[in-house]
Amino acid sequence: MHTVSLFMSRFLLCVVFAFGALGAAAQTTDTQGFYSEAVLKAKLAQLQREPENFDLLWEVAVIASHQGAYDEAITALERLLVYFPRDPKLRIELGVMYFRLGSDNQAKRQFDLARTLNPNEDELRRIARFDGAVRSGQSGVRFSNSVTLTFGHRDNILTTATGPSILVGGVPVLILPEQSGTFYSLTGSSKVTWTLDTPRADQITARVWASYSDFDGSFTDFDRQSYGLELGYQRPVFLNFEGYALDVRGAYRLDDTNLLGQLGSFDLWEAYIGGIKQTNYSRTSLGYVYTEAEQPFGSTLRTGVVRLSYAQRISPRWSAVGEVYAGFQRGNSQASSDVYGVEARAEYTHRLFGGSLDALTRVSLGYDVADARGVTPAISPIIPLDIDRVTASISEEVSFDNGIDLRLKVQAIEQDSSLPNGEFDDFLWSISLRKRF
């Protein structure tokens, strides 16, 4: 009960800090309630009697930041850091308070320390936004780089190699062979973030990456080189003390695959536009993503999907994420498919070896369907009429202080189809090692 209460106060603190610019406009109404100066004085007096009351420390930090009493907020946050020294959110909010106070060097130091504590994506964006403002006199650009090495094994993977065929309606249909094998991949990534000098600290991001992978299978071998570019723009909008943001992204990917001595290329373009709503302890996103893939042998696949995602923080350690989507797929012919699916994921944050290492466990279960319309074997003999797929996975990620992340993953996929070339049961395990720079 004490932990949950502390957690709720913590998220309230983050929201108030994030939208502190609106505090002055709303202060005339808030001074009548929780954020009033009288309440702050009462909380400070209570804190003299209960110096180790974590919930009370959070409340003091929240109210003091709203009142503009940044010294009091800093004192409360620094006392909490004595008990929770590896909490990235605490470091971030302490940096924000130093930024509000005008102590740019102290703010920069806290943001740099927070980066070493494995912050999540939302926390990284918050660091970049305020750190960009701190460094505006020097540079509004931040770089982050990583190299990832992955090794694993797959059973019953489908390949596009030529295999035996059967007749369906007088038309030959490929039966793609299943095989097992080991694989490895090496990926390098570089990301740059521009925080613009605007009232809302708009952000522009660009990421380039390159990857090489090799599969040594029981039936055939293949290797692949992949390259990609991703661009993004996010514009925060603040309404009624809740966070809203416009999210626009674009991506390009090129795959060159060498299979049985033949080189095939795969080009993919992707565009996304959506919105994000952030509250005290939840995050909702709604958007539309369109992809166009130029596949080998001149075929083109276009996909348009609406995605709705909701993430809920249940406790300081547990989070739940749900996503639903629906859309279409269309190839070169007049044939098209309805695609829809759902995914549920649970995340558990914990610490190993007496709290010296941060770890994150993810368990996910997904189900997706593709129902074709107007497709017959005579029109498209290698595209299954109907596909039902279930995906289950569990992963464990461990982060070290030196910027190294270790991930272990196990995944199982079962796919059923109305045609035999679309059915398989795939099992995968992998070990990944990532170094962040």
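Look up: the structure comes first, before these words.
Residues numbered from 1 in each chain as written. Predicted model: local features only at pLDDT ≥ 70, side-chain atom pairs only at ≥ 80, totals over all residues. Heavy atoms only, no water.

Peer 1: Give a detailed account of the overall build of the protein chain, specifying residues and quantitative values.
Peer 2: Within the protein chain, the regular secondary structure consists of eight helices and 16 strands. Buried positions account for 39% of the 437 residues belonging to the protein chain. Contacts spanning at least 24 positions in sequence make up 56% of the contacts within the protein chain whose residues lie at least 6 apart. Counting every atom, the protein chain has about 22,400 Å² of accessible surface; 58% of that belongs to carbon and sulfur. (Helix = DSSP H or I, 4+ residues; strand = E, 2+ residues; numbered from the N terminus. Buried < 20%, exposed > 50% of the residue type's maximum accessible area, 1.4 Å probe, protein only. Contact = heavy atoms within 4.5 Å. Areas by Shrake-Rupley, 256 points an atom, 1.4 Å probe, with all protein chains shown as cover.)

Peer 1: Explain a negative patch on the surface residue by residue, including any values.
Peer 2: A cluster of acidic side chains, namely Glu414, Asp416, Glu423 and Asp425, defines a negative patch on the protein surface. Summarising the element assignment, Asp425 is placed in strand S16 (residues 424-436). (Patch = residues over 30% accessible without salt bridge, like charges linked within 9 Å, V, L, I, M, F, W, Y side chains within 5 Å. Salt bridge = Lys/Arg side-chain N within 4 Å of Asp/Glu carboxyl O. Lys, Arg positive; Asp, Glu negative; His and termini not counted. Charge placed at Lys NZ, Arg CZ, Asp CG, Glu CD.)

Peer 1: So what's going on with helix H3 (residues 37-49)? Which residues, and what values?
Peer 2: The terminal C-alpha atoms of H3, which comprises 13 residues, lie 19 Å apart, in line with the 18 Å expected from a rise of 1.5 Å per residue. Listed in full, the buried residues belonging to H3 are Leu40, Lys43 and Leu47. Along the axis of H3, the buried residues cluster in a sector spanning 65°; they form a single face. More than 90 degrees from the buried face of H3, the exposed residues found are Ala38, Lys41, Gln48 and Arg49. Packing partners of the buried residues in H3 comprise helix H4 (54-67) and helix H5 (70-83). (Expected span 1.5 Å × (residues − 1). Arc of directions from axis to C-beta.)

Peer 1: Lay out the environment of Leu231 in plain terms, naming residues and giving numbers.
Peer 2: Relative to the assigned elements, Leu231 resides in strand S6 (residues 221-239). The exposure class of Leu231 is partly exposed, given its relative accessible area of 48%. Between the C-alpha atom of Leu231 and that of Lys191, which follows or precedes it by 40 residues, the distance is 9.7 Å. Leaving out residues up to four positions away in the same chain, Leu231 has contacts with Thr205, Ala206, Val248, Arg249 and Gly250.

Peer 1: Could you give me a rundown of the pairing of strand S10 (residues 300-313), with the residues and numbers involved?
Peer 2: Two strands pair when backbone bridges link them, and strand S9 (residues 282-294) and S10 are joined in this way by 13 bridges, in the antiparallel orientation. Looking at S10, one finds that Glu292 is bridged to Arg302. Of the strand pairs in this sheet, S10 and strand S11 (residues 318-330) are connected by twelve bridges, and their pairing is antiparallel. If you follow Gln312 over to S11, its bridge partner there is Ala320. (Pairing = 2+ DSSP bridges.)

Peer 1: Requested: an account of the nonpolar core, with residues and values cited.
Peer 2: If you look at the biggest cluster of nonpolar residues, it comprises 27 residues, and the most contacted ones within it are Leu77 and Phe111. Counting residues per element, the ones that place at least two in this core are H3, H4, H5, helix H6 (88-101), helix H7 (104-115) and helix H8 (121-134). Top contributing element to this core by residue count: H4, with eight residues. Residues Tyr272, Val289, Val305 and Val339 belong to the second largest nonpolar core, which totals seven residues. (Core = buried A, V, L, I, M, F, W, Y, C linked by side-chain atoms within 4.5 Å.)

Peer 1: Tell me what's going on with the packing of H4 against H5, and back it up with residues and numbers.
Peer 2: Where H4 contacts H5, the two axes come as close as 8 Å, and the packing angle between them is 150°. Taken together, the axes of H4 and H5 are roughly antiparallel relative to one another. Once H4 is placed against H5, the crossing between them reads as left-handed. Contacts between H4 and H5 involve Phe54, Leu57, Trp58, Val60, Ala61, Ala64 and Ser65 from the former and Tyr70, Glu72, Ala73, Ala76, Leu77, Arg79, Leu80 and Tyr83 from the latter. (Axes fitted to C-alpha atoms, helices over the stretch in contact; angles between N-to-C directions. Parallel < 35°, antiparallel > 145°, perpendicular 65-115°, else oblique. Left-handed = near helix turned anticlockwise from the far one by under 90°.)

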